[in-house]
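# Per-entry structural report
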Amino acid sequence: MVTAIRRCAECDAEFVWTSRTPNRRFCDSGCRARWWRTHRTRTHEPDDSTSASASHLNAIHECPNCGQHITVINLLVSDAL
């Protein structure tokens, strides 16, 4: 088993990395959770491969009947008979 001294991605503390856990980036689970909480709130830019109808989801629209602002969460399309 190979070991090395690495630095935590969150707090920059040193920890012992081993070849049994090659993807380890944090000194303990608290740092891993703290890093995840700060990085999960980042918004990702949508890629160009999304369809036109999917780009309207989660966007603010205006109701054509009453004029109130609404947010489209899910789009249901029924089959035409």
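Position numbers for residues count from 1 along each chain, tracking the sequence in the order it is written. At least 70 in pLDDT is required for a residue's local features to be given in this predicted model, at least 80 for side-chain atom pairs to be given and counted, and no such filter applies to totals for whole chains, interfaces and linings, which use all residues. In computing side-chain values, all of the structure's heavy atoms are included and hydrogens and water are not.

Between any two strands, pairing holds if DSSP finds at least two bridges. Numbering goes from the N terminus for both helices and strands, where a helix is a DSSP run of H or I of at least four residues and a strand is a run of E of at least two. By the bridge criterion, five bridges tie strand E1 (residues 3-7) to strand E2 (residues 14-18) in an arrangement that is antiparallel. Residue pairing across strands places Arg7 opposite Glu14, the latter belonging to E2. The antiparallel hairpin formed by E1 and E2 contains six residues in its connecting segment, where Asp12 sits at a positive phi of about 65 degrees.

This next bit is on the state of the cysteines. Here, a disulfide means two cysteine sulfur atoms that sit within 2.5 Å of each other. Taken as a whole and assessed by the stated rule, the structure comprises zero disulfides. Lacking any disulfide linkage, Cys11 is separated from the closest cysteine sulfur, that of Cys31, by 3.6 Å. Accessibility here uses a 1.4 Å probe with only protein chains present; expressed as a share of the type maximum, an area under 20% marks a residue as buried, one over 50% as exposed, and anything in between as partly exposed. You can call Cys11 partly exposed: its relative accessible area is 39%.

So, about unusual backbone geometry. Even without being a glycine, Asp12 presents a positive backbone phi close to 65 degrees. Relative to the assigned elements, Asp12 resides in the loop between E1 and E2.

Our focus in this paragraph is the pattern of salt bridges. What counts as a salt bridge is simple: a side-chain nitrogen of Lys or Arg found within 4 Å of a carboxyl oxygen of Asp or Glu. On inspection of all chains with the given rule, the structure shows one salt bridge. Arg7 is the salt-bridge partner of Glu14, the closest N and O atoms lying 3.3 Å from each other. Among the residues examined, Arg7 registers a relative accessible area of 48% and is labelled partly exposed.

Glancing now at the side chain of Thr18. Secondary-structure assignment places Thr18 in strand E2. Only heavy atoms enter the contact rule, under which two residues are in contact if any of them lie within 4.5 Å. Ignoring sequence-local partners within four residues, the contact set of Thr18 consists of Met1, Val2 and Thr3.

The subject of this paragraph is the nonpolar core. Cys8, Phe15, Trp17, Phe26, Cys31 and Trp35 form the largest nonpolar core, which has six residues in total. Secondary structure elements with two or more residues in this core: E2 and helix H1 (29-39). Non-local contacts of Phe15, meaning those with residues more than four positions away in its chain, are made with Ala4, Ile5, Arg6, Arg7, Cys8, Arg24, Arg25, Phe26 and Cys27. Think of a nonpolar core as a cluster: buried Ala, Val, Leu, Ile, Met, Phe, Trp, Tyr and Cys residues, connected wherever their side-chain atoms sit within 4.5 Å.

Centre distance and the angle of the planes are the two values used to describe a pair of aromatic rings. Two aromatic rings from Phe, Tyr or Trp, using only the six-membered ring of Trp, form a pair when their centres are within 6.5 Å; if the ring planes differ by under 30 degrees the pair is stacked, by over 60 it is edge-to-face, and anything between is tilted. Enumeration over the complete set of coordinates arrives at one aromatic pair. Ring geometry for Phe26 against Trp35: centres 5.7 Å apart, planes inclined by 50 degrees, an arrangement best described as tilted. Accessibility assignment for this pair places Phe26 and Trp35 in one class, buried. Charge-over-ring placement is defined geometrically: NZ (Lys) or CZ (Arg) within 6 Å of the ring centre, and within 35 degrees of the ring normal. The positively charged end of Arg6 is found above the aromatic ring belonging to Trp17, 4.2 Å away from the centroid. Taking the ring centre of Trp35 as reference, the NZ or CZ of Arg25 above it sits at 4.8 Å.

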